[in-house]
Amino acid sequence: TNTESTLTIVHESVQDSMDKVRLGLNGTQSVNERRILAEELKTIQKQMIQTLNSNSTGVFIFGGSNTVSKPFDVDADGYLT
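Rules used throughout
Residue positions are counted from 1 within each chain, in the order its sequence is given. Residues qualify for local features only when their pLDDT is at least 70, as the model is predicted, and side-chain atom pairs are given and counted only at 80 or more; totals for whole chains, interfaces and linings, by contrast, use all residues. Values reported for side chains reflect all heavy atoms of the structure, with hydrogen atoms and water molecules removed beforehand. To qualify as a helix, a DSSP run of H or I must reach at least 4 residues; to qualify as a strand, a run of E must reach at least 2; elements of each kind are numbered from the N terminus. C-alpha atoms define the radius of gyration, and 2.2 Å times the number of residues to the power 0.38 defines the globule rule. A 1.4 Å probe rolled over the protein chains alone gives each residue an accessible area, and that area as a share of the maximum for its type sets the label: buried under 20%, exposed over 50%, partly exposed in between. Residue contacts are counted whenever heavy atoms from the two residues lie within 4.5 Å of one another. In short, Shrake-Rupley with a 1.4 Å probe defines the accessible areas, and a residue's cover is counted only from the protein chains shown. All tallies of charge rest on Lys and Arg as positive and Asp and Glu as negative; His and the ends of each chain are not included. Lys charges are placed at NZ, Arg charges at CZ, Asp charges at CG and Glu charges at CD. For a helix, the expected span equals 1.5 Å multiplied by the number of residues minus one. Regarding the arc, it is the one traced by the directions from the helix axis to the C-beta atoms.

Caption draft 1: Broad picture of the overall build of the protein. Helix and strand counts for the protein come out as 2 helices and 2 strands. What you see in the protein, going N to C, is helices and strands ordered as α-α-β-β. Taking 2.2 N^0.38 as the reference for a compact globule, 81 residues should give roughly 12 Å; the C-alpha atoms of the protein span a radius of gyration of 15 Å, well beyond that estimate. A total of 81 residues make up the protein; the buried ones form 20% of that total. Sequence separation of at least 24 residues holds for 38% of the intrachain contacts in the protein that already meet a minimum separation of 6. When the accessible surface of the protein is summed, it comes to about 5,900 Å², and 53% of that surface belongs to carbon and sulfur atoms. Seen as two clouds, the 7 positive and the 10 negative side-chain charges of the protein have centres 6 Å apart.

See the structure below:
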């Protein structure tokens, strides 16, 4: 149940991200509007990582065999580590 709920949230976040990327690709968006979209995408990324780092009874759901430390993180450049 926890895994299914988490994956549903991630799916919705991916859909939202795709919508924002499509909107940003639209030639009618100003530079400022694209900056706003970029900030929104960063927020979605942070939320997704937090969601993917969910744990149940002290065990990270998506940690594989590593159940004691967060499986996902982002470096200073915004890349998934």
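Caption draft 2: Helix H2 (residues 31-52), seen in detail. With 22 residues, H2 extends 31 Å between its outermost C-alpha atoms, agreeing within 8% with the 32 Å of an ideal straight helix rising 1.5 Å per residue. Those residues of H2 that fall on the buried side of the exposure criterion are Leu-37, Ile-44, Met-48, Ile-49, Thr-51 and Leu-52. Seen end-on, H2 carries its buried residues on one side only, within an arc spanning 150°. Turned more than 90 degrees off the buried face of H2, the exposed positions are Val-31, Arg-35, Lys-46 and Gln-50. Buried residues along H2 sit in contact with helix H1 (2-25).

Caption draft 3: Layout of the side chain of Asn-53. By the secondary structure assignment, Asn-53 is in the loop between H2 and strand E1 (55-56). Take Asn-53: its relative accessible area is 9%, and that puts it in the buried class. In this structure, Asn-53 is in contact with Phe-60, Lys-70, Pro-71 and Phe-72, ignoring residues within four places of it in sequence.

Caption draft 4: Just unusual backbone geometry, in detail. With a phi angle near 50°, Thr-57 is a residue other than glycine that sits in the positive phi range. One can find Thr-57 in the loop between E1 and strand E2 (59-60). Taking the relative accessible area as the measure of exposure, Thr-57 reaches 78% and is therefore exposed.

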